[in-house]
Amino acid sequence: MAVAGPRTRALFKNATGVAQAVMLQFKPGWSAPLLGVAANALTDRIVPLEDLWGRTGGDLCLDLLEARSVPEVLDRLSHAIALRTHETFEPASAQLARRAVRLLEGGEVRVERVAERLGVTARHLRRAFTESVGIGPKDFARTVRLQRAVRRAASSKDWARIAADAGYYDQAHLIADFRELVGLTPGAFLKRAGARGGEAMAGGAPSR
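Residue numbers run consecutively from 1 along every chain, following the written order of its sequence. Only residues with pLDDT of at least 70 are given local features in this predicted model, and only at 80 or more are side-chain atom pairs given and counted; all residues enter the totals for whole chains, interfaces and linings. Side-chain metrics in this entry use all non-hydrogen atoms of the structure; hydrogen atoms and water are not considered.

In DSSP terms, a helix is any run of H or I states spanning at least four residues, a strand is any run of E spanning at least two, and both are numbered starting from the N terminus. Across its full length, the protein carries eleven helices and two strands. In the protein, the succession of helices and strands from N to C terminus is β-α-β-α-α-α-α-α-α-α-α-α-α. For the protein, buried positions account for 38% of its 208 residues. The long-range fraction of contacts in the protein, counting pairs at least 24 apart against all pairs at least 6 apart in sequence, stands at 59%. In the structure as shown, the protein presents an accessible area of about 12800 Å², 51% of it carried by carbon and sulfur atoms. Accessible area is worked out with a 1.4 Å probe on protein chains only. A residue is then buried under 20% of its type maximum, exposed over 50%, and partly exposed in between. Whether two residues are in contact is decided by their heavy atoms, any of which lying within 4.5 Å being enough. Computed with a 1.4 Å probe, the accessible areas rest on the Shrake-Rupley method; for each residue, only the protein chains presented here act as cover.

What follows is the structure, given as structure tokens:
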């Protein structure tokens, strides 16, 4: 078992052969209570759970391998997580970060405005966000905007409209973010997604 921390750039995997995996995606702010380390200690890293939980992590891995069904796997995972949450406490910074996440996902793009709405300074918000989410609030807002554009691209070829609806200044801004965060143009990304069976449109994307 391994923990994949928050990423600042996309990571593509080419799986070969037959593989089965169970992936749990935790909401921002739960790194310290569940894993025992700040989220930014895991940024752009993949760490064995045993390195974080010690022997408990290794024992959980063995328990999951012995499970005979998916429901049994999920039951054992839920039990392990419940034990961790009872043994630890949630810092106030995690609660603050989750409230900020909700605002950023809701469309607020200015960190200063988010901080003002939460009654803290921008500096305090950035520190809490980095510790609890693993990246800064501005970087998080960029990923939210990018994901919004990808969802819209599944049903539209109008990239100027997609850019505007997703919160970009213009189409060029969207392309620049794709190149920096994904390493591909929007067209190349969607073509790759389509080849892997995704619903995203394969053609008609802008490129530079």
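Text resumes after the structure shown.
This next bit is on a positive patch on the surface. In this scheme, patches are assembled from residues that exceed 30% relative accessible area and form no salt bridge. Like charges are connected within 9 Å, while nonpolar side chains (Val, Leu, Ile, Met, Phe, Trp, Tyr) are connected within 5 Å. A carboxyl oxygen of Asp or Glu within 4 Å of a side-chain nitrogen of Lys or Arg is what we treat as a salt bridge. Counting rule for charge: Lys and Arg are taken as positive, Asp and Glu as negative, and neither His nor the chain ends is counted. Charged groups are reduced to one reference atom each: NZ for lysine, CZ for arginine, CG for aspartic acid, CD for glutamic acid. Residues R123, R126, R127 and K138 make up a contiguous surface patch of positive charge. Within the fold, R123 resides in helix α7 (residues 122-133).

Here we come to the nonpolar core. Side-chain atoms within 4.5 Å link the members of a nonpolar core, which is a set of buried Ala, Val, Leu, Ile, Met, Phe, Trp, Tyr and Cys residues. Counting residues in hydrophobic clusters, the biggest one holds 19 residues, and the most contacted among them are V114, L118, L125, F129, V133 and F140. Secondary structure elements with two or more residues in this core: α5 (92-105), α6 (111-118), α7 and α8 (137-153). Top element by residues in this core is α5. It accounts for six residues. Beyond its immediate sequence surroundings of up to four residues, L118 is in contact with L96, R99, A100, L103 and L125. Listed in part, the 15 residues of the second largest apolar core include A153, I162, A163 and F189.

Close approach of charged atoms allows side chains of opposite charge to pair. For the structure on display, the rule yields nine salt bridges. When the shortest N-O distance is used, the salt bridge between R55 and D59 registers 3.8 Å. Separated by four residues within a single helix, R55 and D59 lie in helix α3 (residues 55-66), roughly one turn from each other. Note that R117 and E108 form a salt bridge whose closest N and O atoms lie 3.8 Å from each other. Given a relative accessible area of 47%, R117 falls into the partly exposed group. Taken together, the shared-partner salt bridges in this structure form one network comprising R9, R142, R145, D177 and E180.

Before going further, it helps to spend a moment on the side chain of R142. Its place among the elements puts R142 in helix α8. Every residue in contact with R142, bar those within four places of it in the chain, is listed here: Y168, D177, E180 and L181.

The next point concerns unusual backbone geometry. The backbone of D44 sits at a positive phi, close to 60°, despite the residue not being glycine. Relative to the helices and strands, D44 resides in the loop between α1 (31-35) and β2 (46-48). Look at D44 and you get partly exposed, because its relative accessible area is 34%.

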